[in-house]
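Observations on the three-dimensional arrangement
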Amino acid sequence: MTAGGPKRLLIVSHVHHYEHEGRLAAYGPYAREIDIWADLFETVVIAAPLRRAACPGAAVPFTRSNISIWPLRDAGGDTVLAKLGLLPAIPLWALSLARAMRHADAVHVRCPGNLGLIGAAVAPLFSRYLVAKYAGQWNGYDGESIPTRLQRFLLRSSWWRGPVTVYGDWPDQAPHVVPFFTSMMTTAQVDRAVQVAAVKRIGRPLRVLFSGTLETRKRVDALLDAVTLLVAEGVAIELVIVGDGPQGTVLRAKARDLVAGGTVTFVGALPYDESLRWFEWAHALVLPSQHSEGWPKVIAEGMCHGLLCIGVAHGQVPRMLTGRGVLLPTGTPEEIAGALADMAADPDRHLPAMRAASAWARQFSLDGLRSALAELLASRWQVPAFHGAVAPQARPVGENP
C-alpha cells in the first residue's frame, strides 16, 4: 500500500470460504469487496472457515493473486448443539488468530460475527494498523445477542485504536467511528442499471423480486403470505426469489401452490453477475427484514435499477427509501400486500420515486469503494496511500502464509 506503511493485511472474517480445483472462492459480493482490499496491499491473508468443496451457486472465485487463506475451524450455527460447539472453538480461534496476526502488518476485522468478536479482542495486541467493518445495525435492536452487543462495545471503546466503518451517521459516536457506504456493483454494472432504470415502467403482471439468503430473519414467509393475499384479491403478480439458505426447503413447501400456479418462482443461488438480470426483470423489490440490516446492499442495487423498493423502517432503510421507495412500519403480510396492491393499481404515481431512487443509488460502486478505502486508511493511519496493481487468479495456500 505504501513505501513505508503496512504491506501485509490480515482479514478476520466469519464468511465461509471454499477451495476447489486450485481456486479460492466465497460469497460473491463479499469476494468482490475483498478483491478491492487486495488492490491496496502487497499481500492479503484471510483468517476464516475453509471448506474444501465445490462452492455453492452464490460464491465466486477471488480474482487477485495476492489473496490467500489462513484456515480456521468451522464452528457455530443456529442449533443448541452448534452453539455449544463454539465453546471449545473459541480458544483455538484465539490462538490461531494470534499466530496469524504475528505475520501481519495490519488487521481488518469484519463484524458482527463470532470470529469478529475474537478478532476485535485480540488484534490491538498485535498491530497499530487496525480497521474494522461493522456491517450490522449499529444502533442495535430488540433481541440482539450478547456477543453482538459486546462487539459494538469493543469497537466503540478506546481498546480499538483504528477506524470502524459503520452504515449511517449516529449521534454521540467516538471520532474513530466513521460513516461508510458500499455497493457491489462495478461502474459498468451501475451504468447498465441506470440505462435500465431510465426506461423501466410498471406493467402487468406486477413483477416482484426478493434477493438474499433464505433465513428466518429475512422473513420471506411474510412476503409469501402477502402474495397469497394478493392472489386472493385478483391482483396479477409474479414473485421471483433469488437465493438459497437454511429456510429454503420450508419456504418452498409453504409456496407449493403458488409455485404450481406460476405465481412464485425459486431460482436458487446465482453468481452475482447473473442475479442482476432479475433486477432488470422486476418492477419492485421487497426486503421484509425487521432488524439487523445495517446497509442492505440489495436495496441499493434495486434502487439503481429503478425498482420501487419496499422495506421495513429500521437501520439505514429509512435514509435510503424516504422519498425514493416505500417504508413499512412493521412489515406484516398485510402491509406488504397493501404496498404492492397500491403499486399495481396506480403504477404511474410511483415513477417519480423510482427515478429518484436510481439517481441517488448510482453514486455507489466498487470503484468508488477502492478510492474511499485508500483515502480512509491513509488519513487514519497517517500513511501515504497509493493504488497498487495485481495480477488475476488468486490461489489458496495452507495455514502458514
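Residues numbered from 1 in each chain as written. Predicted model: local features only at pLDDT ≥ 70, side-chain atom pairs only at ≥ 80, totals over all residues. Heavy atoms only, no water.

Here's the deal with the overall build of the protein chain
- For the protein chain, the count of helices and strands is 15 helices and 16 strands.
- Relative to a compact globule of 401 residues, whose C-alpha radius of gyration would be 21 Å, the protein chain shows 21 Å and is just as compact.
- Residue burial in the protein chain is summarised as follows: out of 401 residues, 55% are buried.
- Once local pairs closer than 6 in sequence are excluded, the contacts in the protein chain between residues at least 24 apart make up 74%.
- Counting every atom, the protein chain has about 16,700 Å² of accessible surface; 55% of that belongs to carbon and sulfur.
- When the 39 basic and 34 acidic side-chain charges of the protein chain are each reduced to a single mean position, those positions are 5 Å apart. (Helix = DSSP H or I, 4+ residues; strand = E, 2+ residues; numbered from the N terminus. Rg over C-alpha atoms; globule rule 2.2 N^0.38 Å. Buried < 20%, exposed > 50% of the residue type's maximum accessible area, 1.4 Å probe, protein only. Contact = heavy atoms within 4.5 Å. Areas by Shrake-Rupley, 256 points an atom, 1.4 Å probe, with all protein chains shown as cover. Lys, Arg positive; Asp, Glu negative; His and termini not counted. Charge placed at Lys NZ, Arg CZ, Asp CG, Glu CD.)

Remarks on the environment of Gly302
- With respect to the secondary-structure elements, Gly302 resides in helix α11 (residues 297-304).
- The spacing of Gly302 and Leu321 is 19 residues in sequence and 11 Å in space, taken between C-alpha atoms.
- Discounting chain neighbours no more than four positions away, the residues touching Gly302 are Phe279, Leu307 and Cys309.

Digging into the sheet that holds strand β12 (residues 237-242)
- Reading across from one edge, β13-β12-β11-β14-β15-β16 is the order of the six strands in this open sheet, with parallel pairing throughout. If you trace the sheet from one side to the other, it starts and ends with β13 (264-268) and β16 (326-328), each paired once. Across this sheet, the average inter-strand angle for adjacent strands is 20°, counted without regard to direction.
- Of the strand pairs in this sheet, strand β14 (residues 284-287) and strand β15 (residues 308-312) are connected by four bridges, and their pairing is parallel. Residue pairing across strands places Ala284 opposite Leu308, the latter belonging to β15. (Pairing = 2+ DSSP bridges. Axes fitted to C-alpha atoms, helices over the stretch in contact; angles between N-to-C directions.)

Details of the packing of aromatic side chains
- Tallied over the entire structure, the rule returns six aromatic pairs.
- Residues Tyr30 and Phe62 carry aromatic rings whose centres are separated by 6.3 Å and whose planes lie at 75° to one another, so their mutual orientation is edge-to-face. A residue pair is termed long-range when its members are at least 10 positions apart, and Tyr30 in helix α1 (residues 28-38) and Phe62 in the loop between β5 (59-61) and β6 (67-72) qualify at 32 residues.
- Under the relative-accessibility criterion, Tyr30 is labelled buried at 6%.
- Summarising the aromatic geometry, the rings of Phe41 and Trp381 are spaced 6.3 Å apart at their centres and angled 65° between planes, so their arrangement reads as edge-to-face. Residue Phe41 is found in the loop between α1 and β4 (43-51), and its partner Trp381 is found in helix α15 (residues 366-381); the two are separated by 340 residues along the sequence. Residue Phe41 shares its accessibility class with Trp381, and that shared class is buried.
- These aromatic residues form a ring-pair network of at least three members: Phe41, Tyr129 and Trp381.
- Residue placement shows Arg156 over the ring face of Trp138; its charged tip is 5.0 Å from the ring centre.
- Above the plane of the ring of Trp360 lies Arg324, whose end atom (NZ or CZ) is 4.3 Å from the centre. (Phe/Tyr/Trp six-rings, centres within 6.5 Å; stacked < 30°, edge-to-face > 60°. Lys NZ or Arg CZ within 6 Å of the ring centre and 35° of its normal.)

What to know about the nonpolar core
- Counting 103 residues, the largest nonpolar core has Ile46, Ile299 and Leu340 as its most contacted members.
- Counting 32 residues, the second-largest nonpolar core is a separate cluster that includes Leu86, Ala104, Leu115 and Ala120. (Core = buried A, V, L, I, M, F, W, Y, C linked by side-chain atoms within 4.5 Å.)

Quick word on the pattern of salt bridges
- The tally for this structure, following the rule as stated, stands at 17 salt bridges.
- For Asp225, the salt bridge goes to Lys254, with nearest N and O atoms at 2.9 Å. Taken together, the positions of Asp225 in helix α7 (residues 220-232) and Lys254 in helix α8 (residues 248-254) put the pair 29 residues apart, joining distant regions of the chain.
- You can call Asp225 partly exposed: its relative accessible area is 28%.
- With relative accessibility at 42%, the residue Lys254 sits in the partly exposed group. (Salt bridge = Lys/Arg side-chain N within 4 Å of Asp/Glu carboxyl O.)

With respect to the environment of Arg201
- Examined against the element boundaries, Arg201 turns out to sit in the loop between α6 (187-199) and β11 (206-211).
- What makes Arg201 partly exposed here is its relative accessible area of 48%.

Describing the pairing of strand β1 (residues 8-12)
- Across the five residues that make up β1, a large majority, four, are buried.
- Where β1 and β4 come together, five bridges link them in parallel fashion. Each bridged residue has a counterpart across the sheet, and for Leu10 the counterpart in β4 is Val45.
- When β1 meets strand β7 (residues 106-111), the two strands line up parallel, connected through four bridges. Within the sheet, the bridge partner assigned to Leu9 lies in β7 and is Ala106.

Looking at helix α3 (residues 86-102)
- Given a rise of 1.5 Å per residue, 17 residues ought to cover 24 Å, and the 24 Å separating the end C-alpha atoms of α3 matches this to within 8%.
- Listing the buried residues of α3 in full gives Leu86, Ala89, Trp93, Ser96, Leu97, Ala98, Ala100 and Met101. (Expected span 1.5 Å × (residues − 1).)

Remarks on the side chain of Thr165
- As for its position among the elements, Thr165 is in strand β9 (residues 164-166).
- Non-local contacts of Thr165, meaning those with residues more than four positions away in its chain, are made with Ala132, Lys133, Tyr134, Val178, Phe180 and Leu376.

Looking at a nonpolar patch on the surface
- Where nonpolar side chains cluster on the molecular surface, the patch consists of Leu125, Phe126 and Trp159 and spans about 290 Å² of accessible area.
- Position of Trp159 among the secondary structure elements: in the loop between α5 (146-156) and β9. (Patch = residues over 30% accessible without salt bridge, like charges linked within 9 Å, V, L, I, M, F, W, Y side chains within 5 Å.)

A short note on unusual backbone geometry
- In the segment running from Cys111 into Pro112, the intervening peptide bond is cis, with an omega of 0°.
- Here Pro112 is to be found in the loop between β7 and α4 (114-122).
- Following Arg204, the chain continues into Pro205 via a peptide bond in cis, with omega recorded as 0°.
- Structurally, the position occupied by Pro205 is in the loop between α6 and β11.

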